[in-house]
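Chain residues, written in single-letter form:
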Amino acid sequence: MAETLKPATSSRRRISQIVEANRGVTPDSGNWRALPFFEGAALNQTQTFNRSGEIKANRQGGRQVGGNIQVGGSLPLPLKYDDGILELLESAFSGEFTVPSNTGINFAFNHVGVQASGTVLIGTNPADGDTLTVNGVVFTFKTVPVIATDVLIAGTAALTASNLRTKLAASTNVLVSVAAYTVATATVTDTDKDVGTAGNSFTLATSVSGKLTLSGATLAGGTAGSDEITRTTGSFVLEGWQVGNKVKIINATTSANNIAYADGVTIAAVEPLKLTLSANARITTDEAFASNTNITTNAKFLKSGTSRKYFTHEVAYTDMDPVVYEYFRGNEVNTLAINIPTSGEVSGEFAMIGLVGKITEVEYDRSNNMGTGTKTAGTGTRLDEKGTVAFAGSVEGTALERGGEAAPDVESLTINVNNNRAAKFAVGQSSAPFVEEGDFDVEMTFALYFTDMAVKKQYLDGTRTSLKVVMRDQQDSHRMVLVFPNLVFTAGDTGLSGQTVVLNMTAFAEEDVTFRSKALLWIQPNENV
């Protein structure tokens, strides 16, 4: 009877990682994060063999001589809001996620907008019994006032206008008190107390149009206001504040100005010294920040830089008996290919490069001198419990902008990040003692529907542009935003997609003079944390 085999299966593998403080040294504590991955994910140790140059008369020469062992592999993963994936993105971009936050007194709340206003000009003194109706409330001009809405007729139109202003300003009727009143000579000006369009419905009418001239049947000129946060130093742009980020404000002097994440207030526009908040914000009082007033966002900001992140990776074959574990230390991301399809999930293929590997039937512990990191399912499981799914690039709430304008002509887009890292070897050592690092490059390929010559002209003229891609998790509305502020097209050929003519474009990201970086990335969780 043939022996029954029970080989390992791909679906029963578990791939986990832990961040190393020192490259190649697995930490004694910390969380292992389980990674979501696709079929084909594999990390390997590769032994290099070289054919001997020895020649034999019988033509049987050429023995294989072993050499160095290289560690690497590929991790194709769904891009999603997952701490393990965020760690890999940090390694790919050579940066660290930061959360924009500020506390201090160089900030201020402002509610900006235009108040509706109108005027009443008393050209000729009214007669006893003439009326002015203000927002539905009738005021009567009288030689002898009796009730609260009677206005004393004075000796001149200017004095009567002054009496009118006093009556209006003293009114306790909410229909009247929503406005403020001033007087200049014989003209009374009514100004809505709030900015916005509501004041444009405030009505004016008179029984004596020949004596009282109104600016109109209603107040006019009111425009919707916007809530703003301004600063006098620093830069919201450089700190990574981004359109769509949720905002939280605590410790405002006026408690009504505080904002919680649950309020759903987001950033509508960003300038170096000003944040414009979304329409559902409501700043009730203009005021300077107190020394402990804090504004923050739950979004995470990453830019390409020089900060390297290393991992120990574990591949567990859980259906083997006993379970077999492979460990790869000193791993970091060398290249990353991001594919954004017109349908389906956004994926990233992380090509890893490392220092040393080990095969064992024991999980990491001190007995095999490989650390005692806490074995947990990690962020992958924790976030799966919240229902995290992969980002998509072509669903409601996503966007693609080129040169700051919507670009509906992109059929396909692949973004390739390359850190140009390479393992370096030394005589007397089988594993690489270090990994050298080159320049950080980003190159991307587009297929654009050929609708005009604008993009091809940019390519031929060497005109710089920009690219912004907004991706969204359809289930929880978490978002990932990728921005390349300075792009140049380096190739542009005409081709076909079915029967449709397309431009096959290649673009290269260059350093942006503002951020001193080629690539910017935001994770915008839809969480009230």
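Here the structure is shown first, and the text comes after it.
Reference entry: report on the structure contained in this document. (Residues numbered from 1 in each chain as written. Predicted model: local features only at pLDDT ≥ 70, side-chain atom pairs only at ≥ 80, totals over all residues. Heavy atoms only, no water.)

1. Looking at the overall build of the protein chain
Broken down by element type, the protein chain carries six helices and 35 strands. Expected size for 529 residues packed as a compact globule is a radius of gyration near 24 Å; at 34 Å, the protein chain overshoots this value by more than 25%. Its C-alpha atoms give the protein chain principal-axis dimensions of roughly 135 × 55 × 50 Å. Per-residue burial over the protein chain gives 44% buried out of 529 residues. The contacts in the protein chain between residues at least 6 apart in sequence include a share of 70% that link residues at least 24 apart. Surface summary for the protein chain: the accessible area is close to 24,500 Å², and the carbon and sulfur share equals 51%. (Helix = DSSP H or I, 4+ residues; strand = E, 2+ residues; numbered from the N terminus. Rg over C-alpha atoms; globule rule 2.2 N^0.38 Å. Buried < 20%, exposed > 50% of the residue type's maximum accessible area, 1.4 Å probe, protein only. Contact = heavy atoms within 4.5 Å. Areas by Shrake-Rupley, 256 points an atom, 1.4 Å probe, with all protein chains shown as cover.)

2. Re the sheet that holds strand S5 (residues 101-103)
Within the open sheet, the three strands sit side by side as S5-S19-S15. Their pairing is antiparallel. Only two strands of the sheet have a single partner each, and these edge strands are S5 and strand S15 (248-250). When strand polarity is set aside, the average angle formed by the axes of neighbouring strands in this sheet is 10 degrees. Relative to strand S19 (residues 294-296), S5 runs antiparallel, the two sharing three bridges. Bridge pairing links Ser101 to Thr296 in S19. (Pairing = 2+ DSSP bridges. Axes fitted to C-alpha atoms, helices over the stretch in contact; angles between N-to-C directions.)

3. Some remarks on the pairing of strand S10 (residues 179-184)
Both S10 and strand S11 (residues 187-195) contribute to a ladder of six bridges, which runs antiparallel. Each residue of the ladder has a partner; that of Thr182, found in S11, is Thr189.

4. Overview of unusual backbone geometry
Omega for the peptide link from Asp321 to Pro322 comes to 0 degrees, which places this bond in the cis form. Phi is positive for Arg59, which is not a glycine, with a value near 65 degrees. Within the secondary structure, Arg59 is located in the loop between strand S3 (42-51) and strand S4 (64-78). Despite not being glycine, Asn135 has its phi angle at roughly 50 degrees, a positive value. Secondary-structure assignment places Asn135 in the loop between strand S7 (131-134) and strand S8 (137-142). Relative accessible area serves as the criterion here: at 17%, Asn135 is assigned to the buried category.

5. Things to note about the side chain of Arg33
Within the secondary structure layout, Arg33 lies in strand S2 (residues 33-34). In this structure the side chain of Arg33 is engaged in a polar contact, spanning 2.9 Å, whose partner is the side chain of Glu87. (Polar contact = N/O pair within 3.5 Å; in protein donor to acceptor, adjacent residues only side chain to side chain.)

6. Focus: a nonpolar patch on the surface
A cluster of nonpolar side chains, Phe450, Met453, Leu496 and Val501, forms an exposed patch at the surface whose accessible area comes to about 370 Å². Relative to the assigned elements, Leu496 resides in strand S33 (residues 479-497). (Patch = residues over 30% accessible without salt bridge, like charges linked within 9 Å, V, L, I, M, F, W, Y side chains within 5 Å. Salt bridge = Lys/Arg side-chain N within 4 Å of Asp/Glu carboxyl O.)

7. Regarding the environment of Leu168
Relative to the helices and strands, Leu168 resides in helix H2 (residues 157-170). C-alpha separation for the pair Leu168 and Ser117, spaced 51 residues apart in sequence, amounts to 14 Å. Excluding residues within four positions of it along the chain, Leu168 makes contact with Val134, Phe139, Val176, Tyr181, Val188 and Asp190.

8. What about helix H1 (residues 83-93)?
For H1, the tally of buried residues reaches 11 of 11 residues, placing the bulk of the element in the interior. Restricting attention to buried positions, one finds in H1 the residues Asp83, Gly84, Ile85, Leu86, Glu87, Leu88, Leu89, Glu90, Ser91, Ala92 and Phe93. Among the residues trailing H1, Ser94 stands out with phi positive, at a value near 50 degrees.

9. Some points on the sheet that holds strand S9 (residues 150-152)
If you walk across this open sheet you meet the four strands as S9-S8-S7-S12, and the pairing is mixed. At either end of the open sheet lies a strand with only one pairing partner, and these are S9 and strand S12 (204-206). With direction set aside, neighbouring strand axes in the sheet form an average angle of 25 degrees. As judged from the four bridges shared by S7 and S8, these two strands associate in the antiparallel manner. What sits directly across from Thr133, in S8, is Val138. H2 contacts S7, S8 and S9 of the sheet and is inclined by roughly 145 degrees relative to S9.

10. Some thoughts on the environment of Asn292
Structurally, Asn292 can be placed in the loop between strand S18 (287-288) and S19. Owing to a relative accessible area of 42%, Asn292 belongs among the partly exposed residues under this scheme. Distance from Asn292 to Gly104, taken between C-alpha atoms, is 6.1 Å for residues 188 residues apart in sequence. Beyond its immediate sequence surroundings of up to four residues, Asn292 is in contact with Thr103, Ile250 and Asn251.

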